[in-house]
Every structure is written in structure tokens, then in C-alpha cells.
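Below, each chain spelled out in residue letters.
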Amino acid sequence: MHTQLFINNEYVDAKSGETLSIYSPHDESLVADKVQVAGQADVDAAVAAARAAFKGPWSKFTGPQRTKVMLNFADLLDKHAAEIAPLEANSMGMPLQVVNMILGMTSSVFRYYAGWTDKVTGEQYPEVDGVYKIVQYEPVGVCAGIGAWNASPMFFGAKVAAAMAVGCTFIYKGSEKSPLGVLALGDLVKEAGFPPGVINIISGDGRAGSMLASHMDINKISFTGSVFAGKKVQELAAKSNLKRVVLELGGKSPSIIFDDADIENALVHHSQNFLFNTGQACIAASRTFVHEDIAPKFIEQLKARYEQFAHTIGAPLDPKTFLGPLVDGKQFERVMSFLEIGKTEAELITGGKRHGTSGFYVEPTIFLNPKDDARIYREEIFGPVITIRTFKTEEEAISMANDTSYGLSSCIFTASTSRALRVAKQLEAGMVNINSSQTFGMEAPFGGFKQSGLGREGGRQGLMHYVEAKTISIK
Ligand code: TXE
């Protein structure tokens, strides 16, 4: 377990002299104390290391040489996943089976972007008045990433791998709620063959995040977290040096289940898939709309599923556990308050209370027909709490689905392809899942409309945020 900052391929104490402690959300026991917290001097040191690496050895690496170290990293991550997984499970309560999936996605995204290192092509324009124009794409420079707690290693992967593919350098700040997993990646960065300073990893809370967002020698920042904090990042980025910004923020994603849907498939996606990571997923479809003709049967069966899943609640390190605790006391209080508010805004179908008497465990919960202005219907709860409303017509369902300030993901369950595509076209969301949920891959852009974010991660779109176009005119 590492608790120091990882700068210039070395683990070092923070100059700030400040530390933070991590407690298990399973039983509030101490997991790690003296996790080093980056202050301004530490952030400056990490940025200086990244700048020196960007101008120095890393700029000499060819595409295929970058591919090699990226693939080394992916292999090392797979090799050491078993040692890293308990760090996440103990810090933020993610069940071991879920952490292993997240770590697998992290090495996959490094392998995906390792293939891009020599494929960012430019353009050439026909001669006009004796002038030829060529466009080349150059690495944007020193980049920063800020991650949330719910899938820390994957946020690291999506941000850092794309930057490495095009030759940028990076300072990554994990969440203060789950710093240990990403800090452990430092050893793998060094062993993989990345030169010192190419990838730096620091810990700290919003203050360290603000230092990154406002740093005058960082060219681009990518943030995953709440809308509130994301707006702060963009504000500081603008007020400092107008660094490029990508924001992956919250969601209150809709799911529409039509009367011709495959009910069993819909039940799986609104129970097992929705409850994945204990509902702590930005793309969780937490606002479900069910056609009135199938609603009574669907709700009755979903209730039975939730009551079954309540039996999978357990300690994060227990391989049988599917539902772990919420990340910490603050989040637990937040979700518990939504449960109490929900009881005044909608009909409680199942759950609605704490599970057990210790640890931050919550019963998987279903609320039915919340009022239009209900907080449980409008706000991102970020827990195992789903709200269901019934609808009569396709138009009504689309209108309700779009009636939100978010626009991250969405789902449509129907047997009709033409209806699925007709509805998909009208949903205001960056991602639409047809007869599925939470299905995304790193080859396609991930991100949201409206206040769910700015820009994309994954695929070619995610990569192009790490380069700048340069038009060269030749006379
Ligand atoms: O997120 P924060 P938190 C939502 C979810 C959750 C709420 C708060 O509803 O209840 O956000 O969770 C850093 N400048 N999501 O507190 O505060 C912080 O250190 C720069 C949804 O964990 O956004 C951490 O590294 N950085 C989301 C990261 O931002 C700042 C996933 C996220 O912290 C900062 C997580 C600032 N002013 C929470 N303030 C999703 N959609 O996936 C904080 N940070």
C-alpha cells in the first residue's frame, strides 16, 4: 500500500505536511492513515516534472515506443490486479468482483489507446495560388486529471491512456475517498518503462483539485465528478490560462420500458445492472418509465428482485458480495436523507432503510410515481435507489425522459427496432442503450448532453481532446 505522492517516478512525502485517513465503509475501521495530501508546492513539483518530461525524453519516444510502454503497463496491471483490488474494496466499499471488472477495464483502455499512437493522421489541402496547406495534430502538453471515487482506476485509465497515446504528460489526482488504488499504479508506471515525470499521481481533496484547475503551466484538465465541482473546475481553468477542459459529470438517466419489451431482460437491467457498484454509477438509469399496461406486473417482479438482491449485501472482500456499502459516512447520510424525503414524495415499494446496524449499507429501494418536482426524481442520489413512473404514450415518455438538466445516458426497452431508433433520435442524452443498460466501450465516445458534461472520453473523440491542430501553409 502506497500513501505517498508519486512524482518523477518516485514516491515522496508531501511538502504540505498534511495527511488524510481512510476508513472502511464496512466497519469504519482504519484502512490507512497518513495518506499524503498535495499542497501547492507539491502540485508545482508534479507539474514541473511533467513539463520536463514533456520537453525531454518523452518527446523523443516514437509512437511504437509509446505503444510498448502502454502495453507493458496494461500487462503489469493485469498481473498485479489481485494486490490492488483490496485497496479499492477496503477504501470505498466496492465489492471485490466489481473492482476486478473495473481494473480489467483500465488495462483494456490502455491497450485500446496503445493502438492509436501512430494513427492520428493529419490533412493536406489542394494547392491554391501556389500555397499548399497541411494540418498536423500535436500533443497539447502537460495535462491534469481529477477523478471521482466510484471507479477510480477506470477514470485514471480513460484520461491517462488517451494522453499517453499522443505524447502528453500527466498529473492525476484521485479522489480523497479512494486514493489507494491509483497510488499503487505508480510502481507499474515505473516498471512499464515510462520515463520519470510522464505520469505523476497525487492525492488531496478539492483544494488540490483547484490548484490543478488554476495552474498556469497545465494545458488541459479532465474532470470526473459532480456538476457542482465540475463547474468550479471550468471557472478556474478559464480564469487562469484558459486550459482545455473536459467534464464527465453526473446523471439522472431515464429508461423507457414499452409494453412490447422483453420483461425478463428489463428486470435484469433494472435490478442487477442498476444495482452494480451499489448504484454508484454516473450512467445508472435511476428514472424508469414503464408503460401502464405492464407496470403492475413489472413492479411486482422488480420488488421481488430487489428483495433477493438485499441478500447479496455483504463485506466488500467477501467474493459472494454483490452489494457493498456506500463509499463513506457523508454519502450514506446523503442517501439516507433521500430515502426519508422519498417517503413523502412517492410510494415506497421496497427498501427505504439502512441495512444492519454497522457500516454504510442501504437496502435496495424502489419508489413509485414521485411527484414531478420530487427531489428523488430530479436529483442524482448516487445509491441503490430507483424511481419508477408509468406512462401511456411514447410522446409522454420521451417528454418526461428529457425533462431533466442532465443528459448523460438513457435506455429504451422495446421489441420494435423502428420505435427504438425513433425514440433514440429524440432522447437528449450522449448515450442511448437499446434493450440494455450501462453498455459502453472505450472505442466509442462516452459523455453527456446538457449539464452532464463537456467533451467526450473514449474513442477518437476522446483522443482528439489531447491534441491541438496546427495548419502549416507552404508557398
Ligand atoms: O464528488 P466531487 P463527491 C456526484 C454524486 C455525489 C456527488 C458528490 O451525486 O453524491 O457528486 O460526490 C474533486 N475543484 N458524483 O464529493 O465533490 C474531489 O477531490 C477541483 C457523480 O465525491 O465532485 C474529487 O477528486 N476538484 C460522479 C472529485 O473532484 C474538486 C462521480 C470528485 O469530487 C473540487 C462522483 C473543486 N472545487 C460523484 N471539489 C459521476 N457522475 O460519476 C471536489 N473536487
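Residues numbered from 1 in each chain as written. Predicted model: local features only at pLDDT ≥ 70, side-chain atom pairs only at ≥ 80, totals over all residues. Heavy atoms only, no water.

Enquirer: Summarise empty space enclosed by the protein; cite the residues concerned and give the values.
Expert: Evaluated as defined, the whole model comprises two cavities of 30 Å³ or more. Estimates place the volume of the largest cavity at around 80 Å³. In terms of lining, the largest cavity is formed by 14 residues, of which the most central are Gly279, Ser286, Glu380, Ile381 and Phe382. In this model, the second largest cavity occupies a volume close to 40 Å³. Looking at the lining of the second largest cavity, its residues break down into five nonpolar, five polar and two charged. (1 Å grid on protein atoms, 1.4 Å probe; cavity = no way out; pocket = protein on both sides within 12 Å on 5 of 7 lines; lining within 4 Å. Points joined across faces, edges and corners; volume = space filled by probe spheres on them. Nonpolar A, V, L, I, M, F, W, Y, C, P; charged D, E, K, R; others polar.)

Enquirer: Describe in detail the sheet that holds strand S6 (residues 131-139), supporting the description with residues and values.
Expert: With respect to topology, three strands assemble into an open sheet ordered S5-S6-S20, the strand pairing being antiparallel. Each edge of the open sheet is held by one strand with a lone partner, namely strand S5 (123-128) and strand S20 (467-474). Here the average twist between neighbouring strands, direction ignored, is 20°. (Pairing = 2+ DSSP bridges. Helix = DSSP H or I, 4+ residues; strand = E, 2+ residues; numbered from the N terminus. Axes fitted to C-alpha atoms, helices over the stretch in contact; angles between N-to-C directions.)

Enquirer: Give a description of the side chain of His270 that names residues and reports values.
Expert: Along the chain, the position of His270 falls in helix H9 (residues 263-275). Ignoring sequence-local partners within four residues, the contact set of His270 consists of Ser255, Ile257, Thr288, Phe298, Leu302, Tyr306, Ile386 and Phe413. (Contact = heavy atoms within 4.5 Å.)

Enquirer: Kindly report on the sheet that holds strand S18 (residues 433-434), identifying the contributing residues and their values.
Expert: Strand order in the open sheet formed by seven strands is S14-S15-S16-S13-S12-S17-S18, and the pairing between neighbours is mixed. Only two strands of the sheet have a single partner each, and these edge strands are strand S14 (347-350) and S18.

Enquirer: An account of the site of the ligand is needed here, citing residue identities and associated values.
Expert: The ligand sits among 29 residues. The nearest are Gly147, Trp149, Lys173, Glu176 and Ser226. Note that an oxygen atom of the ligand is positioned 3.2 Å from one of the side-chain N or O atoms of Glu380. Summarising the interface, the protein chains cover 90% of the accessible area of the ligand, which totals 790 Å² for the free molecule. If you list the elements that add at least two residues to the shell around the ligand, you get helix H7 (206-213), strand S10 (220-224), helix H8 (227-239) and helix H11 (329-345). Two domains each put at least three residues into the shell around the ligand: domain 1 (5-250 + 450-474) and domain 2 (254-434). (Near = heavy atom within 4 Å. Polar contact = N/O pair within 3.5 Å; in protein donor to acceptor, adjacent residues only side chain to side chain. Areas by Shrake-Rupley, 256 points an atom, 1.4 Å probe, with all protein chains shown as cover. Domains from an automatic or database assignment.)

Enquirer: Mind laying out the domain arrangement of the chain, listing which residues take part and the relevant values?
Expert: Put simply, an interface is often sized by how much accessible area is lost when its parts join up. Splitting the chain by domain gives domain 1 (5-250 + 450-474) and domain 2 (254-434). Using C-alpha coordinates to define each centre, domain 1 is positioned 31 Å away from domain 2. Carbon and sulfur atoms make up 60% of the surface buried where domain 1 meets domain 2, a total of about 2500 Å² over both sides. When the buried surface of domain 1 facing domain 2 is broken down by residue, His26, Trp149 and Lys450 rank first, second and third, together holding 24% of it. Counting every contact that joins domain 1 to domain 2 gives two salt bridges. In this structure, Lys177 engages Asp328 in a salt bridge whose closest nitrogen and oxygen atoms are separated by 3.0 Å. Counting across the interface, domain 1 meets domain 2 through 13 residue pairs in polar contact (both at pLDDT 80 or more). Among the elements of the structure, helix H3 (63-92) and helix H4 (96-114) are those that each provide at least two residues to the side of domain 1 that touches domain 2. (Buried area = accessible area lost by both parts, 1.4 Å probe. Salt bridge = Lys/Arg side-chain N within 4 Å of Asp/Glu carboxyl O.)

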